[in-house]
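Architecture at a glance
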Amino acid sequence: MTSREDWWYDEAAGPLVRPYAMVRGRTRPNAPDLHLVTQVRASSFASDQTSLTVEHREIMSLCARPLSVAEVAAYLDVPLVVVKVLLSDLIERGDVLVQTSTPQIPDRDLLQAVLDGVRGI
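Residues numbered from 1 in each chain as written. Predicted model: local features only at pLDDT ≥ 70, side-chain atom pairs only at ≥ 80, totals over all residues. Heavy atoms only, no water.

**Some details on the overall build of the protein**
- The number of helices and strands found in the protein is five helices and five strands.
- Tracing the protein from N to C terminus, the helices and strands come up as β-β-α-β-α-β-α-α-β-α.
- Here the protein, with 121 residues, has 26% of them falling under the buried criterion.
- In the protein, once contacts between residues fewer than 6 apart in sequence are set aside, the share between residues at least 24 apart is 69%.
- Accessible surface, the protein: about 8800 Å² in total, of which carbon and sulfur atoms supply 56%. (Helix = DSSP H or I, 4+ residues; strand = E, 2+ residues; numbered from the N terminus. Buried < 20%, exposed > 50% of the residue type's maximum accessible area, 1.4 Å probe, protein only. Contact = heavy atoms within 4.5 Å. Areas by Shrake-Rupley, 256 points an atom, 1.4 Å probe, with all protein chains shown as cover.)

This is the structure:
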C-alpha cells in the first residue's frame, strides 16, 4: 500500500511526471543556438533561485562547472528538448552562461595531405 505522497512515483517506471509538464507544454527553446556540444555554466552572479523549479535548480548545481547540453540532459535523464527549454529559461534570466565555439573547418590542403598519407600506407 502506497502512501498518499507516493502517488506520483512508480517503482518500475520512475517519476510519472511527463517531460512536457516540466516545461509547461513548451516544445521549443527560446535560445535557438543550443546544440549538443554547446558548453553551459552557471553564472557566478545568479539571481534569486526561490522562483525556480526543481529541474532548474538541478541544472544550476550541475553547471557549477562547464558542461555540454548533452551532458546536462544525460545527468538529468530527461529528453534533450526539455533540457534546451529549461536552459533557455536560465539563459534569459542570466543564471546560465553559454560558451559557444565556432567549428574549425580544416584547410583543404591539410585534408588532401592526410588523405594522400593514408593512401600511402
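**Quick notes on a nonpolar patch on the surface**
- On the surface, a nonpolar cluster with roughly 440 Å² of combined accessible area is contributed by L110, V114, V118 and I121.
- With respect to the helices and strands, the residue I121 is situated in the segment after α5 (108–119).
- For I121, a relative accessible area of 87% puts it in the exposed group. (Patch = residues over 30% accessible without salt bridge, like charges linked within 9 Å, V, L, I, M, F, W, Y side chains within 5 Å. Salt bridge = Lys/Arg side-chain N within 4 Å of Asp/Glu carboxyl O.)

**A look at the sheet that holds strand β4 (residues 67–68)**
- Strand order across the open sheet formed by three strands is β4-β3-β5, with antiparallel pairing between neighbours. Either end of the sheet is taken by a strand with one partner, and the two such strands are β4 and β5 (96–99).
- In the sheet, strand β3 (residues 39–42) pairs with β4 via two bridges, with the strands oriented antiparallel. Considered in β4, the bridge of Q39 is made with S68. (Pairing = 2+ DSSP bridges.)

**Here we look at the pairing of β3**
- In β3, alternate side chains face the same way, and those of V40 and A42 are buried while those of Q39 and R41 on the opposite face are not.
- As defined by bridge partners, β3 adjoins β5 across four bridges and the pair is classed as antiparallel. Each residue of the ladder has a partner; that of A42, found in β5, is V96.

**A look at the nonpolar core**
- Core analysis: the largest hydrophobic core is formed by 20 residues, its most contacted members being V40, I59, V72, V83 and L87.
- Within the residue set of this core, elements represented by two or more residues are β3, α2 (54–62), α3 (69–76) and α4 (80–93).
- No other element matches α4, which puts five residues into this core.
- Not counting chain neighbours up to four residues away, the residues in contact with L87 comprise L34, V40, I59, V69 and V96. (Core = buried A, V, L, I, M, F, W, Y, C linked by side-chain atoms within 4.5 Å.)

**Looking at the environment of S51**
- Summarising the element assignment, S51 is placed in the loop between β3 and α2.
- For S51, a relative accessible area of 55% gives the class exposed.
- There is a polar contact of 3.2 Å between the side chain of S51 and the side chain of R93. (Polar contact = N/O pair within 3.5 Å; in protein donor to acceptor, adjacent residues only side chain to side chain.)

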